[in-house]
Each structure stands twice: as C-alpha cells, then as structure tokens.
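# An overview of the molecular structure
Chain residues, written in single-letter form:
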Amino acid sequence: MRRLGALCLTGILFLSGCVPNFEKDEEIVQDNVETQETAIVPNFQISEQYYRTVLPFKASESRGLVVNRISNRLDIDEFETGLMRLSQGTFSSDNYLFQDGQYLDKETITSWLQRKLTNEELSQLKEEEREEENAGLNPAPVKTGTLKEQNEASPIYLSHLLEQNYLKKDNEGKAELGGISIGLALNSVHYYNQEDGYPREYEIDDAEIEQQGKLMADIIINRIRSVEGLEDIPVVVALFKQEAKNSVVPGSFFALAEVSGKSNKVDKWSVVREDYYLLPSTDAQKDYRDDNTRMLNFKADIDEYFPNYTGVIGRGFYRDEQLTELTIDIPMQFYGKAEVVGFTQYLTGLIMEHFPNYISVKCYITSIDGPEAMIIREINEEEPYVHIYQ
C-alpha cells in the first residue's frame, strides 16, 4: 500500500536509509593554524552521501562569489554538491567532517580569476611605480584582429574556483584539516559584446577546455603550497564544464586528480564519466534511446488521461553511461485538491511501471500556487514515498 505522507522531511529521512540517532551532539576541539577552538558536530547524519558539518558554521570569505561568477543556477548547485560527491572517494564521509573553505580568501580567488596582465599593462605599472601581482589564470586579451578574432583567440576559460575543507577527527576529540578539495568551473561558452553592444558567443572546444583546466590546476596546486596550513595537505582537484546560460540541465565534472601532501603538481588525472541529459530530447534519443523512449511513453500516458497537463521536464544523471537518477518536474493547472490527489496517485503508478528500480526517481508536481505534491522512489525501493502538500 502506497504511503501518503503528512511530514515531508520524515519521509525523506527514511528513504535515505538512515535511522535517527538522537544522542547528544559531539563536541570537538578544532586545531587551526594559530588557535584551538571548541566546535560542535551534529550527531545525526542524514545519509552516507552527506558529510556532517562542523558548527557553528564558518562561512568562507569567498561566500557568494559563485553566484556572481556562474550565471546558471543549475550549474551552481551541481558544482558545489558534485565536488562534495567526488571528494568522498578520497575523504570518506565516515571519517571526515565538512567545513566551508577557510584558506583562500575572496581577494585571492578574485585575483586568480582575472586575465593575465599584458606586457603593455605590466610596463605601465612599472612606469607608475605600482606593484600588482600578475596572478590571473585566464589568458591575457589579444589586441590584434577583429573583435571576433580577439575573443576567440583569448576566451575566458575559468569562471570560478571553489575550496572545500575536510577535517579529520582523532581519538582525543580533536579535529584538524585532513584534506582540501578544489573545483575549477570552466566555461563551455565565451560571451562578449560587439562594438554596438550586440551580444555574441563563442563555443569553446572540449579539448581546449580540458587542456586549459589542467594547466591551471598545476598552477593552483603550486600556489596553495605556499599558503600557511596547506604546505603538506592532500588535495583533490576536479574540473567542471559549465553549460550555456540558458541550459535546462547542469554541467558536469569530467576530470579528477588526487595530489598527495608531498606534491605540488598533478601527477595523474582520472576521467569522470558523469553527464546530465534532458529527457526526452534529441541528444538523449541519440545516446540513450531506451531511457528516452521510457520518458516518451510516460508522457503519452499522462496526456491520455489528464487534459490540464502542460508538460514534463526530465533531467537524467548518468554515471559511467548508466542512468542513476531521474528528476521530473511537472507543472499543472489544478482546480481542486481532489484533482491533485488523483493525478499524484496516477503518476505514482506510472513511475513504478515505466522506470526500473535501479533508477532513483524524484518527481515534483507544481502549480501557479507553488508545490502540490512529490513522489520519491529511491534505488531498490519497492514502494515510493508520496507527499501531497496541504
């Protein structure tokens, strides 16, 4: 018998496979570069895929910078959570605690995201007896040729850099930095304006993105070794390809490296096989025909029985070319709560019928008034969790 939940959060926690433990939160002593501080670690962990976080929460000095540097909200979310997901391969959530980046401040990251200074700019600074570090990682602007040629010869590759800290706790209740992760968000499209202000864009080749990202990663690793407290800390560095501004699916990570505490460069890169696809779509039909067909059949069954249905947006997350998570958004026009209940029950049956249980499915039903219902069927679950908002 399928469950109609009244408490959304409770249902989600049970789906994650966790049994709440309400023991007292743990108190630890956190070793910093110059001081020791007492911190609290929540005893309850939502699931193994999430880290426990040190409290009180210490925001990074670069907090908020990601919003200004990455324009697609889907990219922002995936960049942050995806880096945390990849970090678990090195810094397990069983043994490490999460903390927002504390070592690279806003000024440092901002300077690294700039373009390199041209020879002319450096000469001008010297004449004016001004000292300015030439720390920009993006290429210096090309000044010759047409505006189109200049932008295509020197696009902005690196849009943002994210630091995450992972703390290791010892048997005496002390926690110290055990590793850091660095994410590089790389543009797949370079945007610029013509002389008359007309917007233009240049699509950057994948091989070029990868080459530039790996070159920048070596420079960054070398630089952070000079930061106090990071001289011999293991580092995970990952390269993220952003999608275009108007994309309805997020970008994805494509390369990952682990750097030991004794090294100041990347010795070996690993390929990350993660992708997001819009379902149904032409790309999905070409690369994953069976999954695309499932979604088309799912849509057809909804069309047959509900005239107020307006569309389905499916986003499939593929890992190693296997669909592992499907998120479905369905906007509807409803004329009463009974209609919401009937539609939700019907959708629940369709999800169980069309999508095998090795796929995690999250379906969100909305109207102009906001959320109406959600259906969540985790991997290998026999029954989904269903919640209708009151």
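In this report, we go over the structure that sits alongside the text. Keep in mind it's a predicted model, so treat the numbers as computed, not measured. (Residues numbered from 1 in each chain as written. Predicted model: local features only at pLDDT ≥ 70, side-chain atom pairs only at ≥ 80, totals over all residues. Heavy atoms only, no water.)

### Some remarks on the overall build of the protein chain
On a plain count of helices and strands, the protein chain comes out with 10 helices and 17 strands. Taking the contacts inside the protein chain whose residues are at least 6 apart along the sequence as the reference set, 62% of them involve residues at least 24 apart. Only carbon and sulfur atoms are counted for the fraction: they give 47% of the accessible area of the protein chain, which is about 21,000 Å². (Helix = DSSP H or I, 4+ residues; strand = E, 2+ residues; numbered from the N terminus. Contact = heavy atoms within 4.5 Å. Areas by Shrake-Rupley, 256 points an atom, 1.4 Å probe, with all protein chains shown as cover.)

### Topic: unusual backbone geometry
The step from leucine 279 to proline 280 runs through a cis peptide bond, and the omega angle for that step is -5°. Structurally, proline 280 can be placed in the loop between strand E12 (274-279) and helix H8 (282-287). Phi at glutamate 321 takes a positive value of approximately 65°, unusual for a residue other than glycine. Mapped onto the elements, glutamate 321 comes out in the loop between strand E13 (313-319) and strand E14 (322-331).

### So, the packing of aromatic side chains
For the coordinates displayed, the defined rule picks out 13 aromatic pairs. When the centroid spacing of 6.1 Å and the interplanar angle of 20° are considered together, the rings of phenylalanine 79 and phenylalanine 253 count as stacked. Of this pair, phenylalanine 79 sits in helix H3 (residues 73-87) while phenylalanine 253 sits in strand E10 (residues 252-259), placing them 174 residues apart in sequence. Residue classification places phenylalanine 79 among the buried residues on the basis of a relative accessible area of 0%. Considering the side-chain rings of tyrosine 288 and tyrosine 318, the 3.9 Å spacing of their centres and the 20° angle between planes classify their relative orientation as stacked. Separated by 30 residues along the polypeptide, tyrosine 288 in the loop between H8 and helix H9 (289-305) and tyrosine 318 in strand E13 bring together distant segments of the chain. Assigned by exposure class, tyrosine 288 and tyrosine 318 land together as buried. Through pairs of rings, three or more aromatic residues link up here, namely Tyr51, Phe91, Tyr96, Phe98 and Tyr166. The residue whose ring lies beneath lysine 245 is tyrosine 191, and the NZ or CZ to ring-centre distance is 4.3 Å. (Phe/Tyr/Trp six-rings, centres within 6.5 Å; stacked < 30°, edge-to-face > 60°. Buried < 20%, exposed > 50% of the residue type's maximum accessible area, 1.4 Å probe, protein only. Lys NZ or Arg CZ within 6 Å of the ring centre and 35° of its normal.)

### As for the pairing of strand E8 (residues 199-203)
The sheet contact formed by strand E7 (residues 189-193) and E8 spans 5 bridges and is antiparallel. Within E8, the residue paired with asparagine 193 across the bridge is proline 199. Here E7 folds back onto E8 in antiparallel fashion, the turn holding 5 residues, of which glycine 197 has a positive phi close to 90°. (Pairing = 2+ DSSP bridges.)

### Let's talk about a negative patch on the surface
Taken together, the side chains of Glu243, Asp275, Asp283, Asp287, Asp320 and Glu321 define an acidic patch exposed on the protein surface. The topology assignment puts aspartate 287 in helix H8. Under the relative-accessibility criterion, aspartate 287 is labelled partly exposed at 39%. (Patch = residues over 30% accessible without salt bridge, like charges linked within 9 Å, V, L, I, M, F, W, Y side chains within 5 Å. Salt bridge = Lys/Arg side-chain N within 4 Å of Asp/Glu carboxyl O. Lys, Arg positive; Asp, Glu negative; His and termini not counted. Charge placed at Lys NZ, Arg CZ, Asp CG, Glu CD.)

From the geometry alone we can't say anything about function, so treat these as descriptive.
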